[in-house]
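# Observations on the three-dimensional arrangement
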Amino acid sequence: SVSAGLDLPGRFLFATLTLMTLIAILVFIEEAVYIYRKIPSSKRSIIIWINAAAPVISTTSCIGMWVPRSTMFTDFTAGIFFAIVIHKFLMMMIKECGGQKVLLRRFENGHFTITTGPCCCCCLCLPRVPITRQTLFWLKLGTFQFAVFRPVLVFLSIVLWTNGNYVLYNVSPKGPALWISCFIGALTLCALWAVGIMFRKVRILLKCKNIIPKFALYQFIVILNHLQTTIINIFATQKIIPCAPPLSSTARGSYIAQQLLIMEMFLITVISRVVYRRKYHDLEPPECAAEEPGDKKQTP
């Protein structure tokens, strides 16, 4: 087992990280009970899903830390769950505006600014897109496609892995790992782009509901779960992270990524409890709302 090969400081570290994971789970359960009792049913499930992102990633990282051979399955599980959370976050912003119909009434003459990250932040020549039912459909499709195709690609990867054709850290063009990873990366960028477009439009309107701290927590999870882990894995495959027998470079890189994620997701879980637990007042009806800067909406 893993614990048998650890010295006293290593066992203390594993025990501390496991305790942090258990505390994160308990904090989420307490928060879920509060949300179930206090939040309207139309928003309840969405907010619980979003709050569950950090505890789920912390739990999968803890399992991967104790059972190294399960790393591929735990990483894929966390990836699938967060793909759903990205779509839920977009839906939460629409719900906080009062729903799709109310949002269209609030911004009936408004426009989406599509020159935003991570796809088109440098393409300043792109036109602004009118806010219509069709453009909202495309934004929701941008996140929904990721929630659908990510599990399909994960299932394909596991099938290839069981057959010996998929090697997680093999970046050779002849192997399927590189192409599947690139395809998942493209789908991820499209989903994050859709969320970024919506956030840029509603961030002033939903400032009273602390949408900026909520979006910041969501962004931190994206960066830490994807970018940080990818960078550490690249360092491990390039032998920048040295091996320490009996652990290879890739195994050490995986351990480092998992241990960092447990600590980071624990902090995000605690901060999310503070941000989402506050009581926020409902927005004024569109007829009474103040005109947002940049829109030419006339108040009836």
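Residues numbered from 1 in each chain as written. Predicted model: local features only at pLDDT ≥ 70, side-chain atom pairs only at ≥ 80, totals over all residues. Heavy atoms only, no water.

Spelled out, the test is: UniProt positions are given in the numbering used here, feature names are shortened, and annotations may be inferred rather than shown by experiment.
As annotated in an unreviewed UniProt entry, the chain carries the name OSTA protein and comes from Spizella passerina. Within the UniProt record for the chain, the comment given under Subcellular location (unreviewed entry) is "Membrane".

## Re the nonpolar core
Note the cut-off: Nonpolar cores were defined as sets of buried Ala, Val, Leu, Ile, Met, Phe, Trp, Tyr and Cys residues, with membership established by side-chain atoms within 4.5 Å. Only protein chains enter the calculation, and the probe is 1.4 Å; a residue is then buried if its accessible area is under 20% of its type maximum, exposed if over 50%, and partly exposed in between. Strands here are runs of E lasting at least two residues and helices are runs of H or I lasting at least four, both read from the DSSP assignment and numbered beginning at the N terminus. Contacts are residue-level and defined by heavy atoms, with any inter-residue pair within 4.5 Å sufficient.
In this structure, Phe89, Met93, Leu103, Met198 and Tyr218 are the most contacted members of the largest nonpolar core, which totals 62 residues. For this core, the secondary structure elements donating two or more residues are α1 (8–38), α2 (41–66), α3 (71–96), α4 (100–106), α5 (133–162), α6 (176–202), α7 (211–237) and α8 (249–277). Here the element with the most residues in this core is α3; it accounts for 13 residues. Tyrosine 218 has contacts with Phe82, Ile86, Phe89, Leu192 and Val195, leaving out every residue within four places of it along the chain.

## Concerning the environment of glutamate 31
By the secondary structure assignment, glutamate 31 is in helix α1. A sequence separation of 239 residues divides glutamate 31 from valine 270, and the C-alpha atoms of the two residues are 9.9 Å apart. Ignoring anything within four residues of it in the chain, the contact list for glutamate 31 reads Asn51, Arg273, Tyr276 and Arg277.

## With respect to the packing of aromatic side chains
Applicable threshold: Stacked, edge-to-face and tilted are the three classes for Phe, Tyr and Trp ring pairs, Trp counted by its six-membered ring, which pair at centre distances within 6.5 Å; planes under 30 degrees apart are stacked, over 60 edge-to-face, the rest tilted. The rule is short: NZ of Lys or CZ of Arg within 6 Å of the ring centre and within 35 degrees of the ring normal puts a charge over the ring.
The full count for this structure, using the stated rule, is ten aromatic pairs. Each ring, one from phenylalanine 82 and one from tyrosine 218, has its centre 6.3 Å from the other, and the planes form 25 degrees; the classification is stacked. Of the two residues, phenylalanine 82 sits in helix α3 while tyrosine 218 sits in helix α7, which places them 136 residues apart along the sequence. The residues phenylalanine 82 and tyrosine 218 share a single accessibility class, namely buried. Relative to phenylalanine 215, the ring of phenylalanine 199 has its centre 3.8 Å away and its plane inclined at 5 degrees; by these criteria the two rings are stacked. With phenylalanine 199 in helix α6 and phenylalanine 215 in helix α7, this pair connects stretches of sequence that are 16 residues apart. Neither residue differs from the other here; phenylalanine 199 and phenylalanine 215 are each classed as buried. Grouping aromatic residues by their ring pairs yields a cluster made of Phe82, Phe89, Phe199, Phe215 and Tyr218. Above the face of the tyrosine 36 ring, arginine 44 is positioned so that its terminal group lies 4.6 Å from the ring centre. Sitting over the face of the ring of tyrosine 34, arginine 277 holds its NZ or CZ atom 3.9 Å from the ring centroid.

## Quick notes on the packing of α3 against α7
The following threshold applies: A fitted line through C-alpha atoms represents every axis, and for helices the fit uses only the stretch in contact; the resulting angles, taken between N-to-C directions, go from 0 to 180 degrees. Every angle not falling under 35 degrees, over 145, or within 65 to 115 is termed oblique; those three ranges are roughly parallel, roughly antiparallel and roughly perpendicular.
Interhelical geometry of α3 versus α7 gives an angle of 170 degrees and a closest axis separation of 12 Å. Considering the angle they form, α3 stands roughly antiparallel to α7. Residues Phe82, Ile86, Phe89, Met92, Met93 and Glu96 of α3 touch α7, and the partners they reach there are Ile211, Lys214, Phe215, Tyr218, Ile221, Val222 and His226.

## Overview of the pattern of salt bridges
Filter applied, for reference: Within this document, salt bridges are pairs made up of a side-chain nitrogen of Lys or Arg and a carboxyl oxygen of Asp or Glu, the two lying within 4 Å of each other.
Summed over the entire model, instances satisfying the criterion amount to six salt bridges. Two residues, arginine 273 and glutamate 30, come together in a salt bridge whose shortest N-O distance is 3.0 Å. Of this pair, arginine 273 sits in helix α8 while glutamate 30 sits in helix α1; the two residues are 243 residues apart in sequence, bridging distant segments of the chain. For glutamate 30, a relative accessible area of 33% puts it in the partly exposed group. Linked through salt bridges whose partners overlap, the residues forming this network are Glu30, Glu31, Arg273 and Arg277.

## As for the UniProt feature "transmembrane region" (unreviewed entry) in the chain
In the UniProt entry, the feature "transmembrane region" (unreviewed entry) is given for residues 12–34, 46–67, 73–91, 137–161, 176–195, 215–236 and 256–276. Measuring from the first to the last C-alpha atom of residues 137–161 gives 36 Å, for a span that is 100% helix and 0% strand. Along residues 256–276 one finds 100% helix and 0% strand; the C-alpha atoms at either end are 30 Å apart.

## Side note on α3
Rules: What a helix is expected to span follows from its residue count: subtract one and scale by 1.5 Å.
The terminal C-alpha atoms of α3 lie 36 Å apart, and with 26 residues this matches the ideal 38 Å at 1.5 Å per residue to within 8%. One or two residues past the end of α3 sits glycine 98, with phi positive at roughly 110 degrees.

## Notes on unusual backbone geometry
Of note, asparagine 210 is a non-glycine position whose phi angle comes to about 55 degrees, a positive value. Along the chain, asparagine 210 turns up in the loop between α6 and α7.

## Some remarks on a nonpolar patch on the surface
This is how it is decided: The patches described consist of residues with a relative accessible area above 30% and no salt bridge, like charges being joined within 9 Å and nonpolar side chains (Val, Leu, Ile, Met, Phe, Trp, Tyr) within 5 Å. Only the protein chains shown count as cover for residues, with accessible areas throughout obtained via the Shrake-Rupley method and a probe of 1.4 Å.
A cluster of nonpolar side chains, Phe137, Trp138, Leu141, Phe144, Val148, Phe149 and Val152, forms an exposed patch at the surface whose accessible area comes to about 670 Å². Locating phenylalanine 144 in the fold gives a position in helix α5.

## Some details on the packing of α1 against α8
When two helices pack together, their arrangement is given by the angle between the helix axes and the distance between those axes. As a reminder, the rule being used: Whether a crossing is left-handed or right-handed is set by the direction in which the near helix is turned from the far one by less than a right angle, anticlockwise for left-handed and clockwise for right-handed. Three classes are used, and their members are as follows: Ala, Val, Leu, Ile, Met, Phe, Trp, Tyr, Cys and Pro are nonpolar, Asp, Glu, Lys and Arg are charged, and the others, Gly among them, are polar.
At a minimum axis separation of 10 Å, α1 and α8 run at an interaxial angle of 25 degrees. Relative to α8, α1 is oriented roughly parallel. The crossing of α1 and α8 is left-handed. Where α1 approaches α8, its residues Leu13, Phe14, Leu17, Met20, Thr21, Ile23, Ala24, Val27, Glu30, Glu31 and Tyr34 are matched on the opposing element by Tyr255, Gln259, Ile262, Met263, Phe266, Thr269, Arg273, Tyr276 and Arg277. In terms of residue class, the contact of α1 with α8 is built from 13 nonpolar, three polar and four charged.

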